[in-house]
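# Summary of structural features
Take a look at the letters that make up each chain.
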Amino acid sequence: MSCRVVVLLSGRGSNFQAIAEAQLPIEIVAVISNRPQATGLEYARTHGLTAIALDHTAHPDREAFDTLLADEIERHQPDLVVLAGYMRILSPVFIARFEGRLLNIHPSLLPMFPGLKTHERALEEGVKIHGCTVHFVTADLDHGPIVIQAAVPVRADDTPGSLAARVLVQEHRIYPQAVRWFAEGRLAIFRGRVNLKDDSTSQSVFSTGM
Ligand code: GRF
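Residues numbered from 1 in each chain as written. Predicted model: local features only at pLDDT ≥ 70, side-chain atom pairs only at ≥ 80, totals over all residues. Heavy atoms only, no water.

## Things to note about the nonpolar core
Note the threshold: By nonpolar core we mean a set of buried residues, namely Ala, Val, Leu, Ile, Met, Phe, Trp, Tyr and Cys, connected to one another through side-chain atoms within 4.5 Å. Under the scheme applied here, a residue whose accessible area is under 20% of the maximum for its type counts as buried, over 50% as exposed, and between as partly exposed, the area being computed with a 1.4 Å probe on protein chains only. For helices the rule is a DSSP run of H or I covering at least 4 residues; for strands it is a run of E covering at least 2, with both sets numbered from the N terminus onward. The criterion used for residue contact is that any of the two residues' heavy atoms lie within 4.5 Å.
Ranked by internal contacts, the top residues of the largest apolar core, which has 41 residues, are Val7, Phe16, Val82, Val134, Val147, Tyr175 and Val179. In terms of residue count, helix α6 (residues 160-183) provides more of this core than any other element does, 8 residues in total. The residues touching valine 82, leaving out its near neighbours within four places in the chain, are Val5, Val6, Val7, Leu8, Ile19, Leu103, Tyr175 and Val179.

See the structure below:
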């Protein structure tokens, strides 16, 4: 039986697309967006996937919206919920319902640069290496157990846009990898850290895009 995945997104959906096209042992049972106009929903529709818009602006109370969202997700009985550019902070009530089966991708090498504008901040700090992280989501924003990271060099002439583009290439590589590991039952969380089961080389959890 393949792993049932619900994807949450708010916009472009390129990470969702990378996961959908990676021939993983998963079934994407629903794609849900809090923004009805998200292009990611369009991709889902044209590929015969269940695409659902749940407009958060119609539900001003965050907890009420998150409860509605969680109920909708549970209707699809997912083994895994994938946040793919879902641009809203999830309330603790929501996270508690999916903890251990909720993955996110963040465009920095966590724990550096949690939050927004990661590429701008990386350039401001003058870091020489930047990247992205797939992690399990916990109530501690952008600090959940890390599954995989990829690093890219920062170049002297980088702009936030050029750096974001270089990082995005790596996002599209490591997110499908993380989802594959989850689907294969190879990710175990122990004392806040992720162990990759049956891993012969610890190298494979660090993928450098250099
Ligand atoms: C990505 O940079 C991801 O790391 C961040 O939001 C962006 C979403 O891009 N969480 P996309 O919608 O997957 O193209």
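## Describing the packing of helix α5 (residues 118-125) against α6
To keep it simple, the criterion reads: The convention used is that axes are lines fitted to C-alpha atoms, helices contributing only their stretch in contact, and that angles between N-to-C directions extend from 0 to 180 degrees. Between 65 and 115 degrees an angle is taken as roughly perpendicular, under 35 as roughly parallel, over 145 as roughly antiparallel, and anywhere else as oblique. Left-handed describes a crossing whose near helix is turned anticlockwise from the far helix through less than a right angle; right-handed describes the clockwise counterpart. Under the scheme applied, nonpolar residues are Ala, Val, Leu, Ile, Met, Phe, Trp, Tyr, Cys and Pro; charged residues are Asp, Glu, Lys and Arg; polar residues are all the others, including Gly.
At their nearest, the axes of α5 and α6 sit 9 Å apart, and the two run at 115° to each other. As summarised for this structure, α5 and α6 are arranged roughly perpendicular, according to the angle between their axes. Handedness of the crossing formed by α5 with α6: right-handed. Along the contact surface, α5 presents His119, Glu120, Ala122 and Leu123, while α6 presents Pro160, Leu163, Ala164 and Val167. Per-class residue counts for the contact of α5 with α6 are 6 nonpolar, 1 polar and 1 charged.

## Details of helix α3 (residues 62-75)
For clarity, the threshold we go by: Multiplying 1.5 Å by the residue count of a helix minus one yields the expected span of that helix. What the arc covers is the set of directions going from the helix axis to the C-beta atoms.
For α3, which comprises 14 residues, the first-to-last C-alpha distance of 20 Å matches the rise-based estimate of 20 Å (1.5 Å per residue) to within 8%. Along α3, the residues that are buried comprise Phe65, Asp66, Leu69, Ala70, Glu72 and Ile73. Down the axis of α3, the smallest arc covering the buried residues is 160°, so these residues share one side. Tucked into the core, α3 has its buried residues touching β1 (3-9), β2 (26-33), β3 (51-53), β4 (80-83) and α4 (92-98).

## A short note on the site of the ligand
Filter applied, for reference: When at least one non-hydrogen atom of a residue lies within 4 Å of a molecule or strand, that residue is treated as near it. Here a polar contact is taken to be a pair of N or O atoms separated by no more than 3.5 Å, where protein atoms must pair a possible hydrogen donor with a possible acceptor and residues adjacent in sequence count only if both atoms sit in side chains. Residue exposure ignores everything except the shown protein chains as possible cover, and the areas themselves are Shrake-Rupley values with a 1.4 Å probe. Grid points spaced at 1 Å over the protein atoms alone were grouped into cavities, where a 1.4 Å probe fits but cannot get out, and pockets, open sets with protein on both sides within 12 Å along at least five of seven lines, with lining residues defined by an atom within 4 Å of a point. Placement in a cavity or pocket follows one criterion, namely that more than half of the molecule's atoms lie within 2 Å of its grid points.
Around the ligand, the surrounding shell consists of Arg12, Gly13, Ser14, Asn15, Gly85, Ile105, Pro107 and Glu171. Within the backbone of glycine 13, one N or O atom sits 2.8 Å away from an oxygen atom of the ligand. Within the contact set of the ligand, an oxygen atom lies 2.5 Å away from a side-chain nitrogen or oxygen of serine 14. In the complex, 86% of the free accessible area of the ligand, which totals 370 Å², lies under the protein chains. Its atoms largely coinciding with the cavity grid, the ligand occupies the largest pocket. Within the shell around the ligand, the residues separate by chemical class into 2 nonpolar, 4 polar and 2 charged.

## Looking at the layout of surface pockets
Quick note on the threshold: Grid points are joined across faces, edges and corners, and a volume is the space filled by probe spheres set on the points.
Estimated volume of the largest pocket: approximately 1,000 Å³. Every residue lining the largest pocket is counted, 36 residues in all, and those nearest its centre are Gly85, Tyr86, Met87, Pro107 and Leu116. At the level of elements, α1 (14-20), β5 (102-106), α5 and α6 are the ones that each hand at least two residues to the lining of the largest pocket. Counting residues per element, the lining of the largest pocket draws most heavily on α6, which supplies 4 residues. Among the residues making up the lining of the largest pocket, the classes are represented as 17 nonpolar, 13 polar and 6 charged.

## Section: the pairing of strand β7 (residues 146-153)
We apply this condition: DSSP bridges decide pairing: two strands pair if at least two such bridges lie between them.
Across the 8 residues that make up β7, a large majority, 6, are buried. In this sheet, β7 lies alongside strand β6 (residues 129-136) in antiparallel orientation, the contact comprising 7 bridges. Among the inter-strand pairings, glycine 131 is bridged to a residue of β7, identified as alanine 151.

## Things to note about the pattern of salt bridges
Filter applied, for reference: Salt bridges are defined by distance alone: a side-chain nitrogen of Lys or Arg within 4 Å of a carboxyl oxygen of Asp or Glu.
Enumeration according to the criterion identifies 6 salt bridges in this entry. Of the charged contacts, one joins arginine 45 and glutamate 42 as a salt bridge, the two residues approaching to 3.1 Å between their closest N and O atoms. On the criterion of helical spacing, the pair formed by arginine 45 and glutamate 42 is a turn pair, its members being 3 residues apart in helix α2 (residues 39-46). The partly exposed category is assigned to arginine 45, whose relative accessible area is 42%. What makes glutamate 42 partly exposed here is its relative accessible area of 43%. Several salt bridges share partner residues, and in doing so they unite Asp71, Glu74 and Arg97 into one network.

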